[in-house]
Each structure stands twice: as structure tokens, then as C-alpha cells.
Amino acid sequence: MRSRGQLLRALGVIIWLVVVSSYSAAGQQLPATVAGHTQTVLLGTGTPRADPQRSGPATAVVVNGTPYLVDAGPGIARRAAAAYDKGVKGLAVANLQTAFITHLHSDHTVGYPDLIFTTWVQGRNRPLKVYGPPGIEAMTKYIMLAWQVDIDVRTKGLERRDAAGLAVEAHDVKPGLIYQDSSVKVTAFPVSHGELLAYGYRFQTPDRTVVISGDTSPSPALINSCPKCDVLIHEAFSEDYMPADMPNWLQYRQKYHTTPTQLAEIANQTQPGLLIVYHRGVGVPGREISDEQYLAEIRRTYRGRVVIGQDLDVY
Ligand SMILES: [Zn+2]
Ligand SMILES: [Zn+2]
């Protein structure tokens, strides 16, 4: 007969195996705690460029299997399906029911119709709840109008699809606590993105604080929202990045984006457990700015843990 100690040890091994296997899809991992299990999934780390390696900006914070999306860049539904195939079962396409949009630039919203309609035809049966800066309600209304032919034929034709699953509840929100349920509290904070009204978001889950910058130049509100946060996901554009079609790029970058040197300073001030760089300017084929260069530029002055995010990484 086994002793009580042997049984407890066996139980410990089983719990460890469950935790490890649940992280098997991970790129690099942070430890889970008993109270909750938060995964940060990079669905798209790209920019407006149609980069075959990097889908449009989209991130998922998955808390105990429930996904919360940030931004809806092009490719979002297919990247969610890929993450599901990789083992993040919370990202089943029909399960995508809550999203937060940082700002209304097209690279962050071109996938919004995909999020609405692909989830519907793949079995979403509850309203999609969407939060964003003022303008997201109007954008939602016009998307529904633009796809009216599809809606009519799917609901009134032989497909006989239930229109209930098509519902979208869009909310123009002001900065502050904008969403709360048993898994997460989401706070929107204003960031500096040129003439646009743009938000970053802070997710407080049972086991983690995750802060996402969206597009921004260095922003005091972001620094205040991320003191010692567990994960900071932040954009960056190298000082060597220079698009051929924007002669005033330097002036633009100053107002709209963050350099790796500035990001290092932000990380020094906030001390995140892990800094993930996403939405980075990679340059054009033949003159690409490598991940190594981004890391080197940040590490010149920042000693903490930093990675360059790739699509479908799980942290
Ligand atoms: Zn962008
Ligand atoms: Zn933008």
C-alpha cells in the first residue's frame, strides 16, 4: 500500500504535467499561478505593410480559456484558428466574442469585418462586444450596412442562418475602467498617436497584469499604467527605419511612434517582467531591420527581459 507521501508526490507530478502541457504551445513562458491562467497570444505583429510573415496588429489575452482581443488587423480570424491548432483552445473562432480596439487606423481595423462575419458563420451565437475610442460605434454600423447582401442571403436564403449570432454591441468608451467580468478588469488609457484618438489597454487578470501600447509615441499614461506590470507589449520603429514614400517621416515618427531607445527608457521606468516588442518597422525587402538590431538598440540601455514578438508566440 502506498504511503500518504507517495500519493502526494504523485499528485504533484500530475499537477505539474497538466500545467506544463497547457503551456506546450508557448514561445517563452511566464509561470502560471494557481489562481488563474493567463496566456498572451500574438496573433499579428505587423504594420500596414502586407508582410507575409506578419499578420496585421492583433493580440489575444486568454484568461482561463476565455479570449479578449486587442485590435483586429487583417488576418485575425485565420491567426486565431492557427493559434487554436497550436493548442490555445480558447481561441476557437466561434469563441471570439470580446474585443478592444486601440484606434481606428486601418491596419488595426481592416480585420474587424472578418471578426464580425467569420465568427458568425463559424458558429458564434452570442453578441460580439467591442470597445474602442469614439468612432467604433459608427464604424460598426457602416460595416453592417456594407455587408447587407451577405447578411440577407445567409439569413433569408437556404442557409437559414440565425441572425442572433450576428449581433455586435459596439461601445465608444472614454479612458478609465471600461470592462470587468470574473476573469479580467480592462482599463483604457490615452496614448499619443499624432492626430488620432488612441488608447492603450491594461488587463488585470487573476495572475497577471498585461499592458498593450497600441500605436504610440512615448506616453506618460502608459508609463503610469504599467508600474512593474508582468507583460508590456509595445510598438517600436528603429531610427534606421525610413519609408521611401514619406519625406516627413522623422517628424511623423516623433508624433506617432516610439524608437527602440525611447522604448528602453519606458521599460527602465516601468520595469515590466517581460517586454514584448510588436508592430515594429521591419523595412523593405533587401533593407530589412533585423530582430537582432531591435534587441541591440533596446539593450544598449535596458537590462530587463525583452523579446521581439513573432506571430503566434504565446507568453
Ligand atoms: Zn498601426
Ligand atoms: Zn496607428
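Keep in mind that this is a model prediction, so the values were computed, not measured.

On to the overall build of the chain. Counting its regular elements, the chain contains ten helices and 13 strands. Looking at the 315 residues of the chain, the share that counts as buried comes to 44%. Across the chain, contacts joining residues at least 24 apart in sequence account for 66% of those joining residues at least 6 apart.

All right, on to the sheet that holds strand E4 (residues 98-100) then. Within the open sheet, the six strands sit side by side as E1-E2-E3-E4-E5-E6. Their pairing is mixed. Looking at strand neighbours, the two that pair on one side only are strand E1 (38-44) and strand E6 (168-172), the edges of this open sheet. Strand-to-strand twist of the sheet, defined as the mean angle between neighbouring strand axes without regard to direction, takes the value 20°. Two strands pair when backbone bridges link them, and strand E2 (residues 58-63) and strand E3 (residues 66-70) are joined in this way by five bridges, in the antiparallel orientation. By the bridge assignment for E3, Val 62 is matched with Pro 67. Docked against the sheet, helix H5 (residues 136-146) engages strand E5 (128-132) and E6, running at close to 150° with respect to E6.

A few words now on the nonpolar core. Residues Val 41, Leu 69, Phe 100 and Leu 115 are the most contacted members of the largest nonpolar core, which totals 72 residues. Examining the composition of this core, we find that five residues originate from one element, E2, more than from any other. The contacts of Phe 100, once residues within four sequence positions are left out, are Tyr 68, Leu 69, Val 70, Tyr 131, Gly 132, Val 186 and Tyr 201.

This part is about unusual backbone geometry. Of note in this structure, Arg 160 is not a glycine but carries a positive phi near 50°. Summarising the element assignment, Arg 160 is placed in the loop between helix H6 (148-156) and E6. Using a count of 8 C-beta atoms within 10 Å as the deciding quantity, one classes Arg 160 as exposed. A positive phi angle is found at Leu 312, which is not glycine, with a value near 75°. Topologically, Leu 312 is positioned in the segment after strand E13 (306-308). On the basis of neighbour count, Leu 312 is assigned to the buried category, with 20 C-beta atoms found within 10 Å.

Turning our eyes to something else, we now look at the pairing of E2. Burial within E2 is extensive, with six of its six residues counted as buried. Bridging between E1 and E2 involves six bridges; their strand directions are antiparallel. Residue pairing across strands places Gln 39 opposite Val 62, the latter belonging to E2. As consecutive antiparallel partners, E2 and E3 are separated by two residues, and within that stretch Asn 64 has a phi angle of approximately 50°, a positive value.

Moving on: the sheet that holds strand E12 (residues 274-280). Think of a sheet as strands paired side by side through backbone hydrogen bonds, with each pair either parallel or antiparallel. The strand order E7-E8-E9-E10-E11-E12-E13 describes an open sheet built from seven strands, whose pairing is mixed. Sheet topology places strand E7 (176-180) and E13 at the edges, where each strand pairs with a single neighbour. Neighbour-to-neighbour, the strand axes of the sheet open up by a mean angle of 25°, direction not taken into account. Where strand E10 (residues 209-212) and strand E11 (residues 231-236) come together, three bridges link them in parallel fashion. Bridging from a neighbouring strand, Ile 212 pairs with Ile 233 of E11. Relative to E11, helix H9 (residues 260-270) is tilted by about 160°, and along the sheet it contacts E11 and E12.

Turning to the confidence of the model for the chain, a few remarks are in order. Overall, the predicted model of the chain reaches an average pLDDT of 91, with 89% of residues at or above 70. Every residue in residues 12-34 is under pLDDT 50, and counting partners more than four places away or in other chains gives 23 contacts.

About the criteria used
Residues numbered from 1 in each chain as written. Chains lettered and ligands numbered in written order. Predicted model: local features only at pLDDT ≥ 70, side-chain atom pairs only at ≥ 80, totals over all residues. Helix = DSSP H or I, 4+ residues; strand = E, 2+ residues; numbered from the N terminus. Buried ≥ 20, exposed ≤ 12 C-beta atoms within 10 Å, placed from the backbone. Contact = placed C-beta atoms within 7 Å. Pairing = 2+ DSSP bridges. Axes fitted to C-alpha atoms, helices over the stretch in contact; angles between N-to-C directions. Core = buried A, V, L, I, M, F, W, Y, C linked by C-beta atoms within 7 Å. pLDDT = per-residue confidence, 0-100.

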